[in-house]
Amino acid sequence: HVTRREDYTPPDWQVPEIALDFSLDAAATLVRATLHVVRDSAHDRPLVLDGGGQTPLSVKVDGVAVNDWRIENDALVVPLSGTDHVVETEVEIAPDRNTQLMGLYASGGNLCTQCEAEGFRRITFFPDRPDVLSIYKVRMTADKKRYPVLLANGDPVAQGDAPDGRHWAEWHDPYPKPCYLFALVAGDLVANTTTFTTRSGREVSLGIWVRAADLPKTAHALAALQTSMTWDEQVYGREYDLDVFNIVAVDDFNFGAMENKGLNIFNSRYILADADTATDYDFDAIAAVVAHEYFHNWSGNRVTCRDWFQLSLKEGFTVFRDQGFSADQGSAAVKRIEDVRGLRAAQFPEDAGPLAHPIRPDEYQEISNFYTATIYNKGAEVIRMIATILGPERFRAGSDLYFDRFDGTAATCEDFVASMEEASGEDLSQFRLWYSQAGTPRLTATLRQDAGGSRATLTLSQRVPVTPGQPVKQPMVLPIKLKLFGADTATTLAPERLVLLDGPSEQLVFDGVTERPILSINRGFSAPVVVETDRSADDLAFLSAHDDDPFARYEAMQQLMLDTLVQAAATGQADHKAVIAAVAHTLDDAALDPAFVAEAVLLPSDNFIGDQMALVDPEAIFRAREALRRDLGKALDVRWRAAYASTQADAFVYSPAAKGLRRLKTVALGYIAASGACDAAALAFKQFEAADNMTDRQGALGVLVAGDSAERVAALDIFYNRYSDNALVLDKWFQTQALSPRDDTLEQVQTLSRHRDFTLANPNRARALISAFAVNQRAFNAASGEGYRFVADQLIALDKLNPQTAAKLLPPLGRWRRFAEERATRMRAELERIVATPGLSKDMFEQASKSLG
Ligand code: ARG
Ligand code: ZN
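Residues numbered from 1 in each chain as written. Chains lettered and ligands numbered in written order. Predicted model: local features only at pLDDT ≥ 70, side-chain atom pairs only at ≥ 80, totals over all residues.

Under an unreviewed UniProt entry, the chain has the name Aminopeptidase N and belongs to Sphingomonas aliaeris. In its Catalytic activity (unreviewed entry) section, UniProt records this for the chain: "Release of an N-terminal amino acid, Xaa-|-Yaa- from a peptide, amide or arylamide. Xaa is preferably Ala, but may be most amino acids including Pro (slow action). When a terminal hydrophobic residue is followed by a prolyl residue, the two may be released as an intact Xaa-Pro dipeptide." (UniProt positions renumbered as here; feature names shortened; annotations may be inferred.)

In structure tokens:
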């Protein structure tokens, strides 16, 4: 069954108010829902309330039991005459048998909910669509010993004891919301609390709720929440609007976190951190996700989505907002590099493959499959381009207008763009193609100095590739920041300018070009495109040393490395001199931020190298990359050791500067090991043992796990034993091994899948092994096809428990078109086996059948 955007019709019935009464129990929860329903327009259709999996017990209309209701495709159909009724349903659900983790489920002995996108229907019968906004009153009754804490959206209004050792609580959320934002939590939890006073003087109680043992790991998340609240006031003028803001951390969660109004629920990996168990990357991700969910209070909750085709309205904008927040907390340059690397790793392949879709899709079978890098990260890039075109003041005016005009409503992407247009006076009609056309545009740039003269001509042209269902593409608006440098004097020949390329091609003429010009283009990654230039290795080396835009500088080095590696993988011929010289120059530049240096000297991943090639040859890519790593390690040994020595720090602090040193330290260690130096394993083991923080410890473990030393085995054992009762750290233990470049990684991963600590029931654990293995290009694409078979076996098993998480792990198998015949055939065979599995979920069916094409 396919849902189409163009088929949107407003709801038949509105539900301005709902009262929910839960009698909570892990095995059998009773849910009584009292809905005030109002016919939305002149029609005579019955009331249709979505459902899924619950046992209906009774239906009353205006207080009177009725039995003319029926269940149709899981939905409750109640014939009603007139326009205004109170409909009361009673159902039973079983949270402890809910392995899908959608609706009300049990995690670590506590009860919690996840409703986005369509989980609320698994709790009670309701019009489960985001354009039905209701005011919620929630009452929960539960065993007081097992579930001493009872939380829901909004503000607490009353609580008390009930017979038989039970107690109850009532919560009231005054803001109308769609049901996907409903949440409740019942559990044995404690909170790290503080208060935040908003700009207009509202005192808000903040609480981060966890199991008692985890309380010491909540300080960072709580601080990040306070910083986010201030940032949104200052940068977007957005204030919090309730007296309470709670976050609950749970171990079993299908994705990162959820922005339920006033009661965010988080995957514990995005809350819990201390130096001993969390890396700098974890600390950063926690702050980013806490900010992201908090920012949704406006971009998502106060203004929500009319339908799920508009998902990027809230997600793209909110990712853009959290990226801005993170950029302001540390190095904006490094943050931009990380974001672009993530986009290229996850979104570019999606856009180039069988699952490509526009940021505002036209159809879906299962909406859960559309929580993608395209909706989130390309969506954020699209908002970023609007901000670039408008400039900060006009962008802020557009954002203010959007929030003001659509507050309390369910809006569309079009509403957002129209607000930006109206507030700025900028015509964004052609720009809207970014919402409807899938595929990563390719921009070709050719710079020519006119013979003898003092002019240069830059020819820009664009091509948007064909994607499934979109055979014909129109030229888009590409905001391209560019600048010209002089090759001899290293001075600016043409200052940075923003070019809006809106046709198939365009020529720009530069005067006063008295020396050979070098093109710096797509500075700051101003447009999410692939840039093709004919810049020489010399020009790229020049830019990697002199460009004043940090992203462009990083990019020049990456391009130089990529050109070298693609050439080596394709021909077996490698010339490493230019890369070695450029890396040496970067390491010698004392003015550079160590965090930037660490990014700049890192080779592109196997996968990204493969993405540049007509067909991916995993073994050739692996060999080419290892050879360059070894040569860099050897040729610059003195420099790596100097960098390693200079990055040693005293005691752990979490600060941008300290993070940068730690990052460079492990990058340097990796190159020392890559050189084959005989003291490398001892050095890594020393770092592993001496570390007072997880960044250094896991970094060293990663270096050891890549090799074949006695220290490797020892470190894996020590790490396992030290953290055997910490699920989040054990995930790292699994993940590090799945990412290893060793020859036996496939067998190791197969063995790990039978380890007593491996379980598919926990999404973090499943992802730690399976997703990590699937990004290990060489191991996953083993010529035998065993890697494909392993992943398919795991997905088939996981689908029976948790279709949503299983379907998320399928896309790597859909990349068969990128490989030569033998591998392609084997991947297709696994996809066919998945599609033929009896009882396959619709989540997996959509992903697998689309991947087969
Ligand atoms: N809205 C949540 C967030 O981005 C994620 C919800 C994901 N839902 C899903 N069905 N995949 O913050
Ligand atoms: Zn989000």
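A.B. asks: Got a minute to help me understand the site of ligand 1 in this structure?
C.D. replies: All residues in the neighbourhood of ligand 1 are listed as Glu116, Ala117, Phe255, Ala257, Met258, Glu259, His292, Glu293, Glu315, Ser368 and Tyr371. Sorting the residues of the shell around ligand 1 by element identifies strand S20 (257–258) and helix H2 (280–295) as the ones contributing at least two each. Partitioning the shell around ligand 1 into residue classes produces five nonpolar, two polar and four charged. (Near = placed C-beta within 6 Å. Helix = DSSP H or I, 4+ residues; strand = E, 2+ residues; numbered from the N terminus. Nonpolar A, V, L, I, M, F, W, Y, C, P; charged D, E, K, R; others polar.)

A.B. asks: What exactly am I supposed to notice about the pairing of strand S5 (residues 55–61) here?
C.D. replies: A regular strand carries its side chains on alternate faces of the sheet. Bridge count for S5 against strand S9 (residues 84–93) is six bridges, and the pairing is antiparallel. By the bridge assignment for S9, Pro56 is matched with Val91. Pairing between S5 and strand S6 (residues 64–65): two bridges, direction antiparallel. Bridge pairing in S6 links Val61 to Val64. Between S5 and S6, which pair antiparallel one after the other, the connecting turn spans two residues, and Asp62 there sits at a positive phi close to 50°. (Pairing = 2+ DSSP bridges.)

A.B. asks: What should I look at first to understand the packing of helix H6 (residues 392–406) against helix H7 (residues 413–424) in this one?
C.D. replies: Think of two packed helices as two axes; the pair is described by the angle between the axes and how far apart they sit. Relative orientation of the contacting elements H6 and H7 amounts to 125°, with a least axis distance of 8 Å. As judged from the angle between their axes, H6 and H7 are oblique. Here H6 and H7 pass one another in a crossing that is right-handed. Of the residues in H7, those in contact with Arg394, Ala397, Gly398, Leu401, Tyr402, Arg405 and Phe406 of H6 are Asp415, Phe416, Ser419, Met420, Glu422, Ala423 and Ser424. Considered class by class, the residues forming the contact of H6 with H7 number seven nonpolar, three polar and four charged. (Axes fitted to C-alpha atoms, helices over the stretch in contact; angles between N-to-C directions. Parallel < 35°, antiparallel > 145°, perpendicular 65-115°, else oblique. Left-handed = near helix turned anticlockwise from the far one by under 90°. Contact = placed C-beta atoms within 7 Å.)

A.B. asks: I keep staring at helix H16 (residues 656–674) and nothing clicks. Help me out?
C.D. replies: Since the α-helix packs 3.6 residues into each turn, any two residues three or four apart lie on the same face. The terminal C-alpha atoms of H16 lie 27 Å apart, and with 19 residues this matches the ideal 27 Å at 1.5 Å per residue to within 8%. Across the 19 residues of H16, 16 count as buried, placing the element largely inside the fold. Positive backbone phi, at 85°, marks Gly676, one or two positions downstream of H16. (Expected span 1.5 Å × (residues − 1). Buried ≥ 20, exposed ≤ 12 C-beta atoms within 10 Å, placed from the backbone.)

A.B. asks: Whenever I open this one, the UniProt feature "domain: Peptidase M1 alanyl aminopeptidase Ig-like fold" (unreviewed entry) in the chain confuses me. Can you help?
C.D. replies: Under the UniProt annotation, the feature "domain: Peptidase M1 alanyl aminopeptidase Ig-like fold" (unreviewed entry) is placed at residues 439–533. A helix fraction of 0% and a strand fraction of 53% characterise residues 439–533, whose end C-alpha atoms lie 19 Å from each other.

A.B. asks: Is there a simple way to think about the UniProt feature "domain: Aminopeptidase N-like N-terminal" (unreviewed entry) in the chain in this case?
C.D. replies: As annotated by UniProt and renumbered to match this structure, "domain: Aminopeptidase N-like N-terminal" (unreviewed entry) occupies residues 79–181. In this annotation, residues 79–181 is assigned 0% helix and 52% strand; the end-to-end C-alpha distance for the span is 28 Å.

A.B. asks: Whenever I open this one, the sheet that holds strand S26 (residues 456–463) confuses me. Can you help?
C.D. replies: Across a sheet, strands are paired by hydrogen bonds formed along the backbone, either parallel or antiparallel in direction. If you walk across this open sheet you meet the four strands as S29-S26-S25-S31, and the pairing is mixed. At either end of the open sheet lies a strand with only one pairing partner, and these are strand S29 (505–510) and strand S31 (530–533). Averaged over all pairs of adjacent strands, the angle between strand axes in this sheet comes to 20°, irrespective of strand direction. In this structure, S26 lies alongside S29, joined through six bridges in antiparallel fashion. Bridged to Leu458 within S29 is Leu508.

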